[in-house]
Amino acid sequence: MDVIQEIALRTDAEIEACLQGVFNGLAAQKEAYKRLATSPDDMKAVITAALGAAALPALPEGDAEDAKEARARALRALLVEMAESPELRPRVEAQIARKRDMRFDPITSAILLAGIVMVLSTHIEIEYKNEGGKKNLLVKVVKKPTDGSVLARFFDLFKGA
Amino acid sequence: MAGPSSLRVFLLGEAGDDGGDTSITAVAEHRDASAVSRIQISAKALDELRGEIGALRGFVEGGFPEFTEVALQTLGTRLFNLLLHGDVKRLWDRGRPAEGEICPLEILAEDRELAAFPWEYLYDEGTEGFIGQERHPICRNLITLPAAQGAAGPAAAARRTVLVVLGVPPTDPHVSAAEELRWITDRLSPKGFVIKPFRAQSPPDLDRALDESGCDVLHFIGHGGFDADKDEGYLKLVADDRKETRFYARLFAQAAARRGIKLVFLNACETGVAAKDAPPSRSSLAAALLQRGIPGVIASQLSLPDASAHLFSSRVYERIAQGQTLASAVLDGRRMMLYSASQQHVDWGIPVLYTSDPDQVLFLAPAEARPESLTRSGEPRGRSMPVRPRTAPASRPDILSEIERAFADKTVRPSADMGHSFLGAAPNERVISPLEPLRGAAPRPDVAPHVRVALFDLDAKIGFLPDLTESANRAQTYYSFEVVHLPVPAGALQQHAEETSTESQAMTFIPRLERTLSNARRRLSVDRLCGLTRYLLAGHHSATGSTSGFFAASLVSDPHAFVISTCELRSCAEQAGLPFEHAALRVCLAMLLTTDERWGLSPHLETAGCPLDFCEFRTDLVQGLRNDHFDHRPCRDRIKDRDQLAAIDALFALGAGARSPVSRPVISAPSRSAPSR
């Protein structure tokens, strides 16, 4: 499968659905990601832990047309990043090859953040620990992403934002 | 105590997280016997099991990693050995159901993680089968206080109301609500059920509807999920202005409780999921309902594929309306999912049944529609599974003795993926059973047809065949199609090599079918008999002398009885954007034309998009399947019967109406067709 071409042929809605599906699959295997999906703040914490405090770009928000377009481009860039990761590519291919309509509820409303976390998932381990009745997020960076090696295309979209 | 026939197993102990061994005690009850066994699981084995379960879930939710049928059997075996061990296994073996009966397996687990294991996939290596597909419907119950108090006994025929709640706009792209409602209505309305559709846009909406409807069954269509932050499952209600509200498990269960509802059917994803760190009755939609006294809850432990959901729910309702037990109905529903064109090998295990009594009958069958109780016979896998007929028995014909002898003759071991041909009677179906005498003829259309065609599915698993025949008969009256069920003799599937290959593969051996089918057409009072098999055919081809690898063949003893292979037809249909069952109908139509002696038609080498294309390469079929008209003049002009032509045109138009906009280029190497006529 030429997965990059397949990504190019997909509509914006299909790209978002694909990302949701990939995250769904990851969350089904790793419970911590399921919990992470419910908390944009936790996702930002993960990104910060992996890439440093200044890494988080200003993400496009709101319903204005240009924000929607920027989000769509960003999601597509994230999917391409994932497709170029040897560990994540099989997940993307599996989603693209899927022909079945599944009745799943989108796992997260913060899909952009989730997409970034997915790209970083091969570099980190996350865990929620019960401490004093509260669930605390622990992030361990197992493979430090080097500058430019991860999310390059994605962050390029927001340079100067 | 467990119900009259069920085996109830309590799993006591906690699945450890600290790296140490886990000790689990299983306490089992069956009728008046009980047993205890203990099992130690090492931390490594438990982690491996967790990993496999995670992989299964990842495959269902995200398509990755690949989780094969063999992997599913391996996981199922591990779960089986965990649950049924030592004396509990001995009790299980002693309690095996008699021929034609079932024994529900009820599972109650103390540990929340164990309770969430996918027990539906239990696999018995001894019988080489998933027990939840065969004679042991899997049910879940809760270890909880206060005990669930079921509603009053089965509702009499006069009072049966199903509230069908739609939680999403009808145009939701992931939920084909209209189709699901149609399936439910088609199955239940004729049996005296009142179907009340309701569009719920918020929890108060749904609460009011429950209040006003006085329903016996609540069926929810829409989206569900599990909020990992709140540790609670929910139903999602989407308003027309797209505003979304979550109806969480505890509140929903409160709303549904104490209204006399007998069954809640949650046809939405993750409605059976519970939290690891909270009691199921407070986190899982299904468990919360059960704990609040709803006698039966059908939910989903993972994301549910839309198409399979219809098959499952419609079959479950059909059986419940016939007076079957809840557990038996769910067992039948799982088997029906195996027929879905888009099904994966894991889909059938996704629905879960929560019940405090698997043997309960929710509805008494109306007296005039009540069949003999449907049972499961003990025929080996891969055989057609006859169902007892609805009419009174007549005298026993000689063919039955012959068929019984054929069943005793085991000459081939079924392959692991043959699956079941579970067949249940639907309005357009008839059954020939070796155990019961031949039934009378099916109802005839008002206009006498010219050609009566019986279709029987050996193993092609064309799930929508009965519906297709109904549509085909409505579209025209020249041909009268009906689905019949015939026993498939042992030895019908044999290993043969294609002429161009040295590797042998399973093929349907036509000479073995001769004995069973040679008189079938006469006994069924039909003009043509068409068998459908997913394997290539083997035998002695009259025209070419070839012995294997062909796609269609008539019987030597009866040229008007033929078998067609659907091998690769599914992918050709997909490429052509035609539903699989319509593609099968077209191939059948081709054989009907070639066996019509009036016109002297036979397959032609030219690939012209005609049903009579010879299709030297199997993928040449796609061109014909893409064509919505029988417009190949050399063939069409030979048919002088205008009524016949009109009927063929109507059947093509039917396929055109069912077409989906999919047409992908062929990229795989074409496979060579053997002579097909």
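Residues numbered from 1 in each chain as written. Chains lettered and ligands numbered in written order. Predicted model: local features only at pLDDT ≥ 70, side-chain atom pairs only at ≥ 80, totals over all residues. Heavy atoms only, no water.

Some thoughts on the overall build of chain A
The condition that has to hold: Comment: elements are numbered from the N terminus, with helices defined as DSSP H or I runs of at least four residues and strands as E runs of at least two. Per-residue accessibility, obtained with a 1.4 Å probe over protein chains only, is compared with the maximum for each type, and a residue is labelled buried under 20%, exposed over 50%, and partly exposed between these values. Here, two residues are considered to be in contact whenever any of their heavy atoms come within 4.5 Å of each other. Values of accessible area rely on a 1.4 Å probe in the Shrake-Rupley scheme; residue burial ignores everything except the protein chains shown.
The helix and strand tally for chain A stands at 8 helices and 2 strands. Traced from its N-terminal end to its C-terminal end, chain A shows the element sequence α-α-α-α-α-α-α-β-β-α. Looking at chain A as a whole, 50% of its 161 residues are labelled buried. The long-range share in chain A, meaning contacts at least 24 apart out of those at least 6 apart in sequence, stands at 76%. Accessible surface for chain A amounts to roughly 7,700 Å². Of this, 49% is attributable to carbon and sulfur atoms.

A closer look at the pairing of strand β2 (residues 134-141) of chain A
All names here are of chain A. This is how it is decided: Here, a strand pair is defined by DSSP locating no fewer than two bridges between the strands.
Alignment of strand β1 (residues 124-131) against β2, held across 8 bridges, turns out to be antiparallel. Within β2, the position partnered with Ile126 by the bridge is Val139. The hairpin turn running from β1 into β2, its antiparallel successor, is 2 residues long, and Gly132 in that turn takes a positive phi close to 60°.

Points about the packing of aromatic side chains
Filter applied, for reference: We call Phe, Tyr and Trp rings a pair once their centres come within 6.5 Å, taking the six-membered ring for Trp, and we label the pair stacked below 30 degrees between planes, edge-to-face above 60, and tilted otherwise. Geometrically, a charge over a ring is one whose NZ (Lys) or CZ (Arg) sits within 6 Å of the ring centre while staying within 35 degrees of the ring normal.
Within this structure, the stated rule accounts for 14 aromatic pairs over all chains. Aromatic pair Tyr123(B) and Phe130(B): ring centres 4.9 Å apart, planes at 70°, arrangement edge-to-face. Comparing Tyr123(B) with Phe130(B) shows no difference in burial state: the two are buried. Ring plane angle 65° and centroid distance 5.8 Å describe the contact between Tyr234(B) and Tyr248(B), whose orientation is recorded as edge-to-face. Of this pair, Tyr234(B) sits in strand β12 (residues 232-238) while Tyr248(B) sits in strand β13 (residues 244-248), placing them 14 residues apart in sequence. In textbook terms, an aromatic cluster arises when at least three aromatic residues are bridged by ring pairs, as seen for Tyr121(B), Tyr123(B), Phe130(B) and Trp348(B). Above the face of the Tyr128(A) ring, Arg35(A) is positioned so that its terminal group lies 5.7 Å from the ring centre. In this arrangement the basic side chain of Lys230(B) is found over the ring face of Tyr248(B), its NZ or CZ atom lying 4.0 Å from the centre.

Observations regarding the pattern of salt bridges
Residues and elements named next belong to chain B. Let me state the cut-off plainly: In the sections that follow, a salt bridge refers to a side-chain nitrogen of Lys or Arg positioned within 4 Å of a carboxyl oxygen of Asp or Glu.
On inspection of all chains with the given rule, the structure shows 35 salt bridges over all chains. Asp227 serves as the salt-bridge partner of Arg246, at 3.0 Å between the closest nitrogen and oxygen. A residue pair is termed long-range when its members are at least 10 positions apart, and Arg246 in strand β13 and Asp227 in strand β11 (residues 223-227) qualify at 19 residues. Residue classification places Arg246 among the partly exposed residues on the basis of a relative accessible area of 35%. Beyond isolated ion pairs, a larger network of salt bridges with shared partners links Lys44, Glu48, Glu52 and Arg78.

As for the interface of chain A and chain B
The test is simple: Using a 1.4 Å probe, buried area is obtained as the accessible area two parts lose upon being combined, added over both of them. Each polar contact in these results corresponds to two N or O atoms within 3.5 Å; when the atoms are within protein, one needs to be able to donate a hydrogen and the other to accept it, and residues that are neighboring in sequence are counted only if both atoms are side-chain atoms.
Contact with chain A, which involves 25 residues of that partner, is made by 44 residues of chain B. Surface buried jointly by chain A and chain B totals about 2,700 Å² across both partners, of which 45% is contributed by carbon and sulfur atoms. Counting the contacts that link chain A with chain B gives 3 salt bridges. Of the charged contacts, one joins Lys34(A) and Glu270(B) as a salt bridge, the two residues approaching to 2.4 Å between their closest N and O atoms. Summed over the shared surface of chain A and chain B, the result is 9 residue pairs in polar contact (both at pLDDT 80 or more). Of all the elements in the fold, those that place two or more residues in the side of chain A that touches chain B are α2 (12-29), α3 (31-37) and α6 (89-97) of chain A. Ranked by residues supplied to the side of chain A that touches chain B, first place goes to α2(A) with 5 residues.

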